[in-house]
Amino acid sequence: MVKKLWIYGQPFSGKTTFACGSPNHYVLSTDGNAQYTTDSYKVITDEVKVEGRLTKRKLAWEVLKDEITRLEAERKYETIILDLVEDTYEMARLYMYQKLGITHESDDTFRAWDKVRTEYLSTMRRFINLPYNIILISHEDTTKDITKRSGENITAIKPNITDKVANKLAGMVALVGRAIVDGDKYTLSVKTDEVTFGGGRLGINNVTLPLEWEAVAELFEKK
């Protein structure tokens, strides 16, 4: 059973280390930090080639899409890890800016926002539907306060990406969990409520387990 999940948390909360505990993995890394946890990775960034007097730039989003095409055609790995998700959304934005000839979505009223999201989400669906275990990794955002039903103001805990995109991505995976580090204890919290973004399709909620691949994989096998 392939496993599709999205893990988010603060920096140094063990997300990438956890993901690299998965079987036969390959990391698509946007920040290059995968080099500290695995030898099997590719850094997703702009590729620049100088040919004579010409400089050709291949945007990072195009590099990622080419990687997805390659992974569709071969079955060399069991697990593909995308680290970090929010960086890929910015890559898609820059790609669409160039394609549409704009410098910001507001340059094209509401159409550009829709075009960027459509480009991004259609590609992410293609990626998540690859016949591998898929692990998405994000940092968490705790910069927004919300008002609970009781009237209490509290900080929302969610992945560091726009709500509209986050909700769509969550619908493409089976599990969304938050990585938490407390001293030398690393855990994964699978919880969804009015404050915390998480949950999934495995019929579980309010569960905390060790941030280890074997523990998370067992949740899928029980389903």
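To start, this report covers the structure provided alongside it. (Residues numbered from 1 in each chain as written. Predicted model: local features only at pLDDT ≥ 70, side-chain atom pairs only at ≥ 80, totals over all residues. Heavy atoms only, no water.)

1. A few points about helix H6 (residues 213-222)
Among the residues of H6, Trp213, Ala215, Val216, Ala217, Leu219 and Phe220 are the ones counted as buried. On its buried face, H6 is in contact with strand S1 (4-9), helix H1 (15-19), strand S7 (133-141), strand S11 (175-182), strand S12 (185-190) and strand S14 (207-210). (Buried < 20%, exposed > 50% of the residue type's maximum accessible area, 1.4 Å probe, protein only. Helix = DSSP H or I, 4+ residues; strand = E, 2+ residues; numbered from the N terminus. Contact = heavy atoms within 4.5 Å.)

2. Comments concerning helix H5 (residues 163-170)
Along an α-helix, a turn takes 3.6 residues, which lines up residues three or four apart on a common side. All of the buried residues along H5 are Val165, Ala166 and Leu169. Relative to the axis of H5, the buried residues are bounded by an arc of 100° and lie together on one face. Every exposed residue of H5 that faces more than 90 degrees away from the buried side is listed here: Lys164 and Lys168. (Arc of directions from axis to C-beta.)

3. Quick look at the packing of aromatic side chains
Going through the model one piece at a time under the given rule, you end up with 5 aromatic pairs. Ring geometry for Phe18 against Trp213: centres 6.1 Å apart, planes inclined by 40°, an arrangement best described as tilted. Within this pair, whereas Phe18 is found in helix H1, its partner Trp213 is found in helix H6, the two being separated by 195 residues in sequence. Side by side, Phe18 and Trp213 carry an identical accessibility label, which is buried. Across from the ring centre of Tyr132, 5.1 Å away, lies the NZ or CZ of Arg75, which sits over that ring. (Phe/Tyr/Trp six-rings, centres within 6.5 Å; stacked < 30°, edge-to-face > 60°. Lys NZ or Arg CZ within 6 Å of the ring centre and 35° of its normal.)

4. Focus on the packing of helix H2 (residues 60-73) against helix H3 (residues 85-100)
Contact geometry of H2 with H3 gives a least axis separation of 8 Å together with a crossing angle of 115°. Considering the angle they form, H2 stands roughly perpendicular to H3. Residues Ala60, Trp61, Glu62, Leu64 and Lys65 of H2 lie in contact with H3, whose contacting residues are Thr88, Met91, Ala92 and Tyr95. Classifying every residue of the contact of H2 with H3 gives 6 nonpolar, 1 polar and 2 charged. (Axes fitted to C-alpha atoms, helices over the stretch in contact; angles between N-to-C directions. Parallel < 35°, antiparallel > 145°, perpendicular 65-115°, else oblique. Nonpolar A, V, L, I, M, F, W, Y, C, P; charged D, E, K, R; others polar.)

5. Some points on the nonpolar core
The biggest cluster of nonpolar side chains holds 40 residues, and the ones touching the most others in it are Trp6, Tyr120, Phe127, Leu136 and Leu169. Elements with a contribution of two residues or more to this core: S1, strand S2 (25-29), H2, strand S6 (79-83), H3, helix H4 (109-128), S7 and H5. Counting 25 residues, the second largest nonpolar core, distinct from the first, contains Leu5, Ile137, Ala179 and Ala217. (Core = buried A, V, L, I, M, F, W, Y, C linked by side-chain atoms within 4.5 Å.)

Coordinates in, geometry out; function isn't part of it.
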